[in-house]
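Architecture and fold: a report
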Amino acid sequence: MIQYLLTSTIAATILLVVYQLFLEKEKMHRFNRFYLLLSLLFSLLIPFISIEIIEEITTPATAPIPMNFSGGTMVIAEETSYLEQIVWGIYILVTAILVFRFIRNIVAFYQLKKNNATLSFQNATLVLLKEAVLPHTFMNTIFINEAEYQERKIEKELFAHEMTHVNQKHTLDVLFVELIKTVFWFNPLFLLYKKAIQLNHEFLADEKVVQSYKNIPFYQSLLLSKASCNPPLYLASNLNFQVTKKRFLMMSRNSSKKMILSKQLALLPIFTALFCYFCIDSVAQVQATKATNTKYTTATSNDRDAYYAGVLVNLIDKKRNITFSKKYEALTLEEKNRYLPFTPKKYSKKSPTKAEFEDFKNSKKYAIWIDDIPANNSHLEVYSPDKIVYFTGSFVHKNARSKKFPQPFQYNFYTEAYYEKNLKNAHKKFAGKSIDIVLSDSKRLPKNLKPNTEEESLVSPNKKLANLNPVPKTETLVNLLRETTKETNPPPTNDVVFNVAGITEKPEFPGGMEKFYKFVGNNFQAPTEPNLKGKVYVMFIIEKDGSITNVSVLRDIGHGTGEEAMRVIKLSPKWIPAQKDGVPVRVQYSLPITIMSSNS
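Residues numbered from 1 in each chain as written. Predicted model: local features only at pLDDT ≥ 70, side-chain atom pairs only at ≥ 80, totals over all residues. Heavy atoms only, no water.

1. Digging into the nonpolar core
With 29 residues, the main nonpolar core has Leu-15, Tyr-19, Tyr-35, Leu-36, Leu-40 and Tyr-193 as its most contacted residues. Considering every element that reaches this core, the biggest residue donor is helix α1 (residues 2-23), with eight residues. Residues within four places of Tyr-193 in sequence aside, it is in contact with Ala-12, Leu-15, Leu-16, Leu-36, Ser-39, Leu-40 and Val-177. Formed by 26 residues, the second largest nonpolar core is a distinct cluster that contains Phe-516, Val-536, Val-538 and Ala-565. (Core = buried A, V, L, I, M, F, W, Y, C linked by side-chain atoms within 4.5 Å. Buried < 20%, exposed > 50% of the residue type's maximum accessible area, 1.4 Å probe, protein only. Helix = DSSP H or I, 4+ residues; strand = E, 2+ residues; numbered from the N terminus. Contact = heavy atoms within 4.5 Å.)

Printed below as a string of structure tokens:
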């Protein structure tokens, strides 16, 4: 929402400044009317427009993200933002009042028309009012004083002025900008737009009167004589709107046609520049070369034998009409080289830079996973770049994006604890019990499956994706390294760690969270540093028996607060464990601890 408001306001401000500096003083009022309305529409719609331009860059072939879709998102304990609720409450209240005011004023016009005498006048309706009012227009209705009309004291110039408002339907412009003001009442920019639009309406009406009667001094004196009259309702087009020096000067101004045309043509690059700046995103698309793969390497005999030792290999080679199911050790050397030529490279630690880390917080650009769990980009706020010891990601083409993850990039981030347990030695031993390998002739592939003639894809035991170099280019490897189990939906194992969103019953501290925080308060030894306050974010796993393990600090405020928080959490009594479908499971839990020294 904030991004929308910023983009819309910047675009609207630039276009209004251009109008006031270069267009308002020129005698091209019909064009200016179109420009002001278009500027409003353009600024309101431009944040919704997004065009991606793919720029191909050549780089050695790299693998897409290794991802484990274990369901749910990592949940950090969140505090209720009362300030945000108050702000939204105020916005809704004020908007409701303004909507009521807007509707009430429209109804007031129709009540005046219903309760007073009316006359037909050309293609408009005259409403004769008892009270003394200045002639003003709403839609195709002109409201005038009955006594002045009967005594013929209303000059024909005034009727011509109001008929211009009727014929050119100026009320529709006013209603449009007033609706925008009602929704965006907190933005004073739209008030400036309304004033500019109404002033331009008066320029149009004045121009019509001057062209018809060609008596500028008389018309100007007539306007001055009416300037002190009471203004009508704010939705009306009225005669004395800003009777200023601007209107008088405009009546006698002569604009060069060449100057007008040059200014109109100059608007095209301005709109184009705004459109390109706000709507077009340049996205780098990696064009893979036949360089060595960064994720997998041709395995040596010893490394491969150690990696696949004891693994059951299930093969369907449709091209060669070969099918077998046997242990890796039973494969011939030719079969090993043909079907299992690779082992993964070691995951070397790498942390994002500060600039990269800040960019990853953009939820429109990146879908992220933290320790193989889908997460909101705001969860990165509790980390610092050095807490991420490994990360990887890639660009996702539009036809491959989903409703859940529509972002053009997907990235996975790993913490120290996860890296040590799952990635550090992942290149040494295959994690699954069996491998399914299906080799198909690419000529026989279904139309909706595009063969990749330069790379082959694999799905590892935890469904991570990677790329391989080709074996034969006419073959496509599908479902390589997919772990198979005897049960379609096996029960949770001791190794599975769920997040709070993926379980049926959440873990609970005996006596509730108030008791837990009381326990923390009684045992936490706050540092003696004066005026120290802030939050320490800790994460831990609640085991199936309720015990606490894997305690880590996501972010602290220094002075030993992180270490102290870990010490206290490790002292915690056993929790009531989480359950999934009635079965106790391990769950990852995160929460903030507020620190405030006694003398702060």
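2. What about the packing of aromatic side chains?
The full count for this structure, using the stated rule, is 43 aromatic pairs. For the ring pair Tyr-366 and Phe-409, a centre distance of 5.7 Å and an interplane angle of 40 degrees mean the geometry is tilted. Of the two residues, Tyr-366 sits in strand β12 (residues 366-370) while Phe-409 sits in strand β15 (residues 409-415), which places them 43 residues apart along the sequence. For Tyr-366, a relative accessible area of 7% corresponds to the buried category. Lys-350 extends its terminal NZ or CZ atom over the ring of Phe-391, reaching a point 5.1 Å from the ring centre. (Phe/Tyr/Trp six-rings, centres within 6.5 Å; stacked < 30°, edge-to-face > 60°. Lys NZ or Arg CZ within 6 Å of the ring centre and 35° of its normal.)

3. Observations regarding the state of the cysteines
Throughout the structure, instances matching the rule amount to zero disulfides. Left without a disulfide partner, Cys-276 is nearest to the cysteine sulfur of Cys-279, which lies 8.4 Å away. Judged by relative accessible area, which is 0%, Cys-279 ranks as buried. (Disulfide = S-S within 2.5 Å.)

4. Points about the sheet that holds β12
Within the open sheet, the four strands sit side by side as β13-β12-β15-β14. Their pairing is mixed. Each end of this open sheet is capped by a strand with a single partner; those strands are β13 (373-375) and β14 (388-395). Adjacent strand axes in the sheet meet at a mean angle of 25 degrees, parallel and antiparallel pairs treated alike. As paired strands, β12 and β15 are joined by five bridges and run parallel to one another. When the sheet's bridge partners are listed, Ile-368 is paired in β15 with Tyr-411. The strands touched by helix α14 (residues 416-423) are β14 and β15; relative to β15, the strand with the most contacts, the crossing angle is about 90 degrees. (Pairing = 2+ DSSP bridges. Axes fitted to C-alpha atoms, helices over the stretch in contact; angles between N-to-C directions.)

5. Quick look at a nonpolar patch on the surface
A surface patch of nonpolar side chains, about 460 Å² in accessible area, is lined by Leu-41, Leu-45, Phe-48, Ile-49 and Ile-51. Within the secondary structure, Ile-51 sits in strand β1 (residues 51-60). Under the relative-accessibility criterion, Ile-51 is labelled partly exposed at 34%. (Patch = residues over 30% accessible without salt bridge, like charges linked within 9 Å, V, L, I, M, F, W, Y side chains within 5 Å. Areas by Shrake-Rupley, 256 points an atom, 1.4 Å probe, with all protein chains shown as cover. Salt bridge = Lys/Arg side-chain N within 4 Å of Asp/Glu carboxyl O.)

6. Overview of the confidence of the model for the protein
Put simply, the protein has an average pLDDT of 79, and 78% of its residues get 70 or more. Note on residues 56-79: pLDDT under 50 across the span, and 93 contacts to partners over four residues away in sequence or across chains. The low-confidence segment residues 442-494 (pLDDT under 50) makes 124 contacts with residues lying over four places distant or belonging to another chain. (pLDDT = per-residue confidence, 0-100.)

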